[in-house]
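# Per-entry structural report
Spelled out, the chains give:
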Amino acid sequence: MEYKKFRADHLFNGFELLESNHVLMTDSTGWVQEIIDVQEAGEDVVALEGIISPGLINCHCHLELSHMKGLIPEKTGLIDFVYKVVTQRHFAEAEIFTAIDKAEAEMIKNGIVAVGDICNNTLTINQKLKRNLPYYNFVEASGWLPGIAIDRFKRSKRFYDEFLKITNHTSIVPHAPYSVSKNLWNEIVPYFKNKVASIHNQETAFEDEFFSRGTGDFVRMYELMKIDNTHFSATGKTSLASYFNQLRQALNVLLVHNTFTTTADVNFANEQAKLNNQQLYWCLCPHANLYIENKLPDMMSLVANDSQMVFGTDSLASNHGLNILSEMNLIRQNFPQISKENLLKWATINGARALQMEDQLGSFEKGKKPGVVLIGNDMQTISRLI
């Protein structure tokens, strides 16, 4: 059997940074054989500059919005951003398909080997049938009016059944706490069992204001969309504290964005997840956070609480590219106390575990095919080796 052997300044195995005396050995197609000392590796070792790492995991993307790149101005705030997505997303299908294909190619070029993808329609199915990347499909349910809950659920269930034909890595999930009525929650909760449940969390300060007091800019959003909001009663609690218990049947929970999540809510969610015997992951989409709200999450609250972190790119409607390394660098620039090792762990094994793909991806362990990428020592460049 033909083997490939790689060494570099550092080898990140998914868990820790190893020194340059370690050699990664795979077969010719990328299945990991072992990591051995350079003295035992024999000939034909490819020596490189940089960090050898497993491929990167994008835990939150909206591939179906790839045609909206550059359409929405930056820093409008979430309310106006959401309104523009809802009202401007409708393009000819041919344009959407072309943009989806281009966006996936961009992710592959940027060392991404798996994607958690938000699905509000079936427009990405043809691309996913090409099997260029494994996807976890998060079929979103949304509908704030109680009277439309059944129809909205049936639509999501129809999409869910179509994506299930491709992969069991498919869930029905709530879009966001402000877009799912109690009636709709009741319909989708049974579909969380043994699955990954994803939700957009605390992306704007107005979210907590709306749930705790029933006031703020979300009231304006419902008025803009001509949605009757009289069924809602403020909970007196933050958004996260108001809905988190609805996710208790999920095996994994993926909280996305967390731009305005407080230390108290971080502690609350981590503790509740432990009580529910589930794995909770906090997904960072820093470029999208700046694009929409011009704010980054309170990273040190998350890190201090030993939270399990992962990365996402969000969509090209809210980002200039689909590049996990770029997301890592943005966090590193703003929070230099966070180590390379932690950032790499969040982007590899944590992401694989969050998407229930750790049996194949995320680390250099025998029997896995996680992809092999080379990251520059300055973490500015990435290239695929396998």
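The structure we're discussing is the one just above.
This text gives an overview of the structure that appears in the document.

Cut-offs applied
Residues numbered from 1 in each chain as written. Predicted model: local features only at pLDDT ≥ 70, side-chain atom pairs only at ≥ 80, totals over all residues. Heavy atoms only, no water. Helix = DSSP H or I, 4+ residues; strand = E, 2+ residues; numbered from the N terminus. Buried < 20%, exposed > 50% of the residue type's maximum accessible area, 1.4 Å probe, protein only. Contact = heavy atoms within 4.5 Å. 1 Å grid on protein atoms, 1.4 Å probe; cavity = no way out; pocket = protein on both sides within 12 Å on 5 of 7 lines; lining within 4 Å. Points joined across faces, edges and corners; volume = space filled by probe spheres on them. Nonpolar A, V, L, I, M, F, W, Y, C, P; charged D, E, K, R; others polar. Pairing = 2+ DSSP bridges. Axes fitted to C-alpha atoms, helices over the stretch in contact; angles between N-to-C directions. Arc of directions from axis to C-beta. Salt bridge = Lys/Arg side-chain N within 4 Å of Asp/Glu carboxyl O. Phe/Tyr/Trp six-rings, centres within 6.5 Å; stacked < 30°, edge-to-face > 60°.

### A word on the environment of Phe81
Here Phe81 lies in helix α1 (residues 78–88). A relative accessible area of 8% places Phe81 in the buried class. Those residues in contact with Phe81 that lie beyond four places of it in its chain are Ile72, Thr76, Ile292, Ala317 and Ser318.

### A look at the side chain of Thr26
In this fold, Thr26 is placed in strand β4 (residues 22–27). A relative accessible area of 0% places Thr26 in the buried class. Ignoring sequence-local partners within four residues, the contact set of Thr26 consists of Glu2, Tyr3, Lys4, Phe6, Trp31, Val32, Gln33, Val372 and Ile386.

### Focus on the layout of surface pockets
Computed from the structure, the largest pocket encloses a volume of approximately 770 Å³. Considering the residues around the largest pocket, the lining is formed by 32 residues, among which Val82, Val86, Arg89, Ser142 and His175 are closest to the centre. Counting residues per element, the ones that place at least two in the lining of the largest pocket are α1, α4 (149–164) and α7 (217–224). By residue number, the principal contributor to the lining of the largest pocket is α1, which donates five residues. Grouping the amino acids of the lining of the largest pocket by side-chain chemistry returns 15 nonpolar, eleven polar and six charged.

### Focus: the pairing of strand β12 (residues 196–201)
Within β12, six of the six residues are buried, which leaves the element mostly enclosed by the surrounding structure. Where β12 lies against strand β13 (residues 252–257), six bridges are found, and the strand directions are parallel. Paired with Val196 across the two strands is Asn252, which belongs to β13.

### Side note on the sheet that holds strand β1 (residues 3–7)
Pairing within the open sheet is mixed, and its four strands lie in the order β5-β4-β1-β6. Here the strands that pair on one side only, and so sit at the sheet edges, are β5 (32–37) and β6 (45–47). The mean angle between the axes of side-by-side strands here comes to 25°, regardless of whether they run parallel or antiparallel.

### Concerning α1
Listed in full, the buried residues belonging to α1 are Leu78, Ile79, Phe81, Val82 and Val85. Buried residues of α1, viewed axially, fall in a sector of 165°; they line one side. The inward-facing, buried residues of α1 abut α7 and α10 (286–292).

### Here's the deal with the sheet that holds β12
Spatial strand order, β12-β13-β14-β15: four strands in an open sheet with parallel pairing. Taken across any chain shown, the strands that pair with only one partner, and hence form the sheet edges, are β12 and β15 (308–311). Geometrically, the sheet is characterised by an average inter-axis angle of 30° between neighbouring strands, direction not taken into account. The pairing of strand β14 (residues 279–284) with β15 spans four bridges and is classified as parallel. By the bridge assignment, Leu284 is partnered in β15 with Phe311. Packed on one face of the sheet, helix α13 (residues 340–347) meets β14 and β15 and runs near 70° to β15.

### Looking at the pattern of salt bridges
Applying the stated criterion across every chain yields a total of eleven salt bridges. Its salt-bridge partner being Lys157, residue Asp161 comes within 3.0 Å of it at the nearest N-O pair. Highlighted residues: Asp161 and Lys157, both in helix α4, separated by four residues, approximately one helical turn. Lys368 is the partner of Glu365 in a salt bridge, and the nearest nitrogen-oxygen pair spans 3.0 Å. Judged by relative accessible area, which is 7%, Lys368 ranks as buried.

### Let's talk about the packing of aromatic side chains
Scanning the entire structure with this criterion turns up 17 aromatic pairs. For the ring pair Phe210 and Phe218, a centre distance of 6.0 Å and an interplane angle of 50° mean the geometry is tilted. Note on Phe210: relative accessible area 0%, which makes it buried. Judged by relative accessible area, which is 0%, Phe218 ranks as buried. When the centroid spacing of 6.3 Å and the interplanar angle of 70° are considered together, the rings of Phe244 and Phe268 count as edge-to-face.

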